[in-house]
Amino acid sequence: GGIRGVAVGVLVAFALLHRLGLRSSGWTQELTSLVKGLGLIAFVVLCFVYGGRSEAPVAAIPMPTSALAAVVAVIIALQSVIITHDGWYCAVYFTEEDRDPGRNLPRSAIGGVVTIIGIYVLVNLALLYTLPIPELAGSVLPAADAAQRIFGGHGGQIITALSLVSLLSVINATLLIATRVLFAMSRDHLFFKKASEVHPHGTPLLAMWLTTGASVL
């Protein structure tokens, strides 16, 4: 019953963290991203160690009956792929704050995409190894089904915990990015001029609080 209260509390907590300065919010992003990546790698390893599909015969999966249906199926599948890789360009928002953007921006964008492709492919191979194709095709959340097969009743809780860490990483990154958007707009006279003021610790404070307030609302 306290979902909204928890949501507001998390947003305010991240805003207070950003109030401390860019260094603390940057470290938070690195830590949550690292935990998320390690969690996904651990999930892949456990799938290959303790998973393995049953040898039951695989039922035929209905295929698209027309070219249009096949195109629609591909588009729907690509939505998940795009969402998985979305964010590769976000380092652009911080280029001005980077001491060596010419070197670090390409490394961040290319390295980020390559890393995510690697994790994405490994997770999909792990799911294919653990779940029968018909079960995988009909699953709403394949990772939870795979975890339940490996860990039993606690599988869903483990995936939920990993999802929550992922959400914390996304919330922190979004607050960093959206704040920079308001900051840039205000400097170009498209928003309140005061939103372009930067705290000595590197955070555009008014832009950050406005972003947080809009999120809370």
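Scroll up a little and you will see the structure.
Residues numbered from 1 in each chain as written. Predicted model: local features only at pLDDT ≥ 70, side-chain atom pairs only at ≥ 80, totals over all residues. Heavy atoms only, no water.

### As for the overall build of the chain
Phase 1 of the analysis: Check the secondary structure of the chain and you find eight helices and zero strands.
Phase 2 of the analysis: Starting at the N terminus, the α and β elements of the chain follow one another as α-α-α-α-α-α-α-α.
Phase 3 of the analysis: If one aligns the C-alpha atoms of the chain with their principal axes, the spans along those axes are about 65 × 40 × 35 Å.
Phase 4 of the analysis: Counting all 217 residues of the chain, 24% fall into the buried class.
Phase 5 of the analysis: When contacts within the chain are restricted to residue pairs at least 6 apart in sequence, long-range pairs at least 24 apart make up 67% of them.
Phase 6 of the analysis: Averaging the coordinates of the 13 positive side-chain charges in the chain and doing the same for the 11 negative ones gives two points 6 Å apart. (Helix = DSSP H or I, 4+ residues; strand = E, 2+ residues; numbered from the N terminus. Buried < 20%, exposed > 50% of the residue type's maximum accessible area, 1.4 Å probe, protein only. Contact = heavy atoms within 4.5 Å. Lys, Arg positive; Asp, Glu negative; His and termini not counted. Charge placed at Lys NZ, Arg CZ, Asp CG, Glu CD.)

### A closer look at helix 2 (residues 22–50)
Phase 1 of the analysis: In a regular helix each residue adds 1.5 Å, so 29 residues correspond to 42 Å; helix 2 covers 42 Å between its end C-alpha atoms and thus fits that length.
Phase 2 of the analysis: Looking at helix 2, one finds that the buried residues are Ser24, Ser25, Thr28, Gln29, Thr32, Gly37, Phe43, Val44 and Cys47.
Phase 3 of the analysis: If you follow the buried residues of helix 2, they end up packed against helix 1 (3–19), helix 4 (101–130), helix 6 (142–151) and helix 7 (155–187).
Phase 4 of the analysis: Of the residues trailing helix 2, Gly52 is marked for its positive phi of about 105°. (Expected span 1.5 Å × (residues − 1).)

### Quick look at the environment of Thr211
Phase 1 of the analysis: On the secondary structure map, Thr211 appears in helix 8 (residues 205–216).
Phase 2 of the analysis: Classification of Thr211 by relative accessible area gives buried; the value is 9%.
Phase 3 of the analysis: Residues Thr211 and Thr179, spaced 32 residues apart in sequence, show a C-alpha to C-alpha distance of 6.2 Å.
Phase 4 of the analysis: With residues up to four places along the chain from it excluded, the contact list for Thr211 reads Leu175, Ala178, Thr179 and Leu182.

### Points about the environment of Pro132
Phase 1 of the analysis: With respect to the helices and strands, Pro132 occurs in the loop between helix 4 and helix 5 (133–137).
Phase 2 of the analysis: When the C-alpha positions of Pro132 and Gly52 are compared, they lie 9.0 Å apart, and in sequence the two are 80 residues distant.

### A closer look at the pattern of salt bridges
Phase 1 of the analysis: Inspection of the entire model under this criterion finds four salt bridges.
Phase 2 of the analysis: With a shortest N-O distance of 2.7 Å, Glu96 and Arg187 are connected by a salt bridge. Highlighted residues: Glu96 in the loop between helix 3 (67–85) and helix 4 and Arg187 in helix 7, separated in sequence by 91 residues.
Phase 3 of the analysis: Its relative accessible area of 58% is what places Glu96 among the exposed residues. (Salt bridge = Lys/Arg side-chain N within 4 Å of Asp/Glu carboxyl O.)

### Concerning a nonpolar patch on the surface
Phase 1 of the analysis: Where nonpolar side chains cluster on the molecular surface, the patch consists of Ile41, Val45, Phe48, Val49, Tyr50, Ile117, Val121, Leu122, Leu125, Leu128 and Tyr129 and spans about 960 Å² of accessible area.
Phase 2 of the analysis: Listed by contribution, the elements that provide at least two residues to the nonpolar patch are helix 2 and helix 4.
Phase 3 of the analysis: Looking at the nonpolar patch element by element, the count peaks at six residues for helix 4.
Phase 4 of the analysis: Relative to the assigned elements, Leu125 resides in helix 4.
Phase 5 of the analysis: Relative accessible area serves as the criterion here: at 43%, Leu125 is assigned to the partly exposed category. (Patch = residues over 30% accessible without salt bridge, like charges linked within 9 Å, V, L, I, M, F, W, Y side chains within 5 Å. Areas by Shrake-Rupley, 256 points an atom, 1.4 Å probe, with all protein chains shown as cover.)

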